[in-house]
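# Examining the three-dimensional arrangement
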Number of protein chains: 2
Amino acid sequence: MGTTKGLLVIAISLICPLALAQESAAQEGSSVSYTADARLNFPGSYREWVYLTSGFDMSYSAAANGSGHHLFDNLFVNPASYRAFERSGRWPDGTVLVLELRRAGADNPLNKQGSFQGTAVVGVEVHVRDSARFAGGWAFYSFGGTGSSSFNTAAKVIPHSADCYACHTAHGAVDTTFVQFYPTLLPLARTKGTLFSSSR
Amino acid sequence: MGTTKGLLVIAISLICPLALAQESAAQEGSSVSYTADARLNFPGSYREWVYLTSGFDMSYSAAANGSGHHLFDNLFVNPASYRAFERSGRWPDGTVLVLELRRAGADNPLNKQGSFQGTAVVGVEVHVRDSARFAGGWAFYSFGGTGSSSFNTAAKVIPHSADCYACHTAHGAVDTTFVQFYPTLLPLARTKGTLFSSSR
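These lines cover the structure that appears in this document, whether it is placed above or below. All of these numbers come straight from a predicted model, not from anything done at the bench.

## A closer look at the side chain of Thr177(B)
Residues and elements named next belong to chain B. Following the sequence through the fold, Thr177 ends up in the loop between α3 (163-171) and α4 (186-192). At 2.9 Å, the side chain of Thr177 forms a polar contact with the side chain of Trp91. Apart from the residues lying within four places of it in its own chain, the contact partners of Thr177 are Trp91, Leu97, His127, Trp138, His168, Gly172 and Tyr182.

## Some points on the interface of chain B and chain A
Tallying the contact residues gives 46 residues for chain B and 46 residues for chain A. Of all residues in chain B, the largest losses of buried area upon contact with chain A belong to Arg47(B), Tyr51(B) and Leu110(B), amounting jointly to 18% of the total for that side. One can count two salt bridges joining chain B with chain A. Arg83(A) is the partner of Glu48(B) in a salt bridge, and the nearest nitrogen-oxygen pair spans 3.3 Å. If one sorts the elements of the side of chain B that touches chain A by residue count, strand β2 (residues 50-59) of chain B sits on top with ten residues.

## Some details on the environment of Thr191(B)
As for its position among the elements, Thr191(B) is in helix α4. Each C-alpha atom, one on Thr191(B) and one on Gly89(B), is 8.2 Å from the other, the two residues being 102 residues apart in sequence.

## Regarding the pattern of salt bridges
One pass over the structure, following the stated rule, counts 14 salt bridges over all chains. Salt bridges linked by common partners bring Arg47(A), Glu100(A) and Arg102(A) together as one network.

## Re the nonpolar core
Formed by 51 residues in total, the largest nonpolar core has its most connected members in Val124(A), Val126(A), Val128(A), Tyr141(A), Val126(B), Val128(B) and Tyr141(B). Breaking this core down by element, the ones donating at least two residues are β4 (96-104), β5 (113-129), β6 (138-143) and α3 (163-171) of chain A together with β4 (96-104), β5 (113-129), β6 (138-143) and α3 of chain B. Not counting chain neighbours up to four residues away, the residues in contact with Val126(A) comprise Leu40(A), Pro43(A), Val96(A), Leu97(A), Val98(A), Ala139(A), Phe140(A), Tyr141(A) and Phe143(A).

## Side note on the relation of the copies chain B and chain A
Mapping between the two chain copies consists of a rotation about an axis together with a translation along that axis. At an RMSD of 0.0 Å, chain B and chain A line up after a rotation of 180 degrees and a shift of 0.0 Å along the axis. Taken together, the rotation and translation relating the two chain copies correspond to the operation of a two-fold axis. Identified as the residue of chain B closest to the rotation axis by C-alpha distance is Tyr51(B), at 3.1 Å. Mapped onto chain A, 100% of the interface residues of chain B again fall at the interface, so both copies present the same surface.

What counts, and at which threshold
- Residues numbered from 1 in each chain as written.
- Chains lettered and ligands numbered in written order.
- Predicted model: local features only at pLDDT ≥ 70, side-chain atom pairs only at ≥ 80, totals over all residues.
- Heavy atoms only, no water.
- Helix = DSSP H or I, 4+ residues; strand = E, 2+ residues; numbered from the N terminus.
- Polar contact = N/O pair within 3.5 Å; in protein donor to acceptor, adjacent residues only side chain to side chain.
- Contact = heavy atoms within 4.5 Å.
- Buried area = accessible area lost by both parts, 1.4 Å probe.
- Salt bridge = Lys/Arg side-chain N within 4 Å of Asp/Glu carboxyl O.
- Core = buried A, V, L, I, M, F, W, Y, C linked by side-chain atoms within 4.5 Å.
- Buried < 20%, exposed > 50% of the residue type's maximum accessible area, 1.4 Å probe, protein only.
- Least-squares fit on C-alpha atoms with pLDDT ≥ 70 in both.

In structure tokens form, the structure reads like this:
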């Protein structure tokens, strides 16, 4: 459990280093839904959405993660927003980005080096664009990993005072999102002229 | 160019270590098409198919890859076959698995450790199931990377005498495919009872 908790801290820090407090929001988005008390329902079909990229042991911090495990992060976006981005280089309202944090698998005799993804999900983080609902147009949510009480249920919005919002605003290549790390979208945004000039 | 060539050798070796000679096959599959001379047309929409998993620096060999670059591999399957696998734990005819080999991105000041995916694709390998067309039910194809002459065009089938076929038959967890490395499908195949008993 200690190991899982360590990984969760890293997982959350990938989008939002200091956002652990929570508050609520409301209404339904195009690819997500909310509970009566404004929590975001877990977007259970995200693995069938459009895949954008994966990272391996990425971190905002140079400190060792201390978990003893390698960590993959896999990013998905709802298909309609992906197609809108292909056309315009911009995210429309209704965009939902889902970051899945997945522990590397155990050794396998067929694989002589490197890492593959295992079955343990240690966190799921969601970034929703809805300019009518959220200050600044976007909100973050964080779900727990496999077996945790918040996995496959609902999550409260992370308060807009959290550092993740300021960091994404300052460094996001397109509209507070880290398109600089999304290899198929980066050239597209460059062509469309929608890259934030001080990004990267 | 030397670096790219080195990565291509690794890329091909991930599925098929010794398969460099080529021969032809025929007909159209459900998610792929063929040229008049039986080469497989590049499956250009694969990035919108269902994502299965990624590896990082995976290799059948313990030897250093010598490229000086980290390498991600991203695996996709056509959506209809993904849904069929969800129902049955088996791959139907028409299944197309696409393995994209992508070089890690250059350093970025926001990322203090680990690796992210860059824009350079160094190879695309395809595994097609069509029991009416191929001996053993499956065939492999290998496309080059970004900028190579075989990227975004067509590829001849890799001969069934190549080692990749024997290796996948001996070690593939489900029907010659490496489901032991696909974290969302492995538990499903276990539940459905379709895992090859000597796999892993």
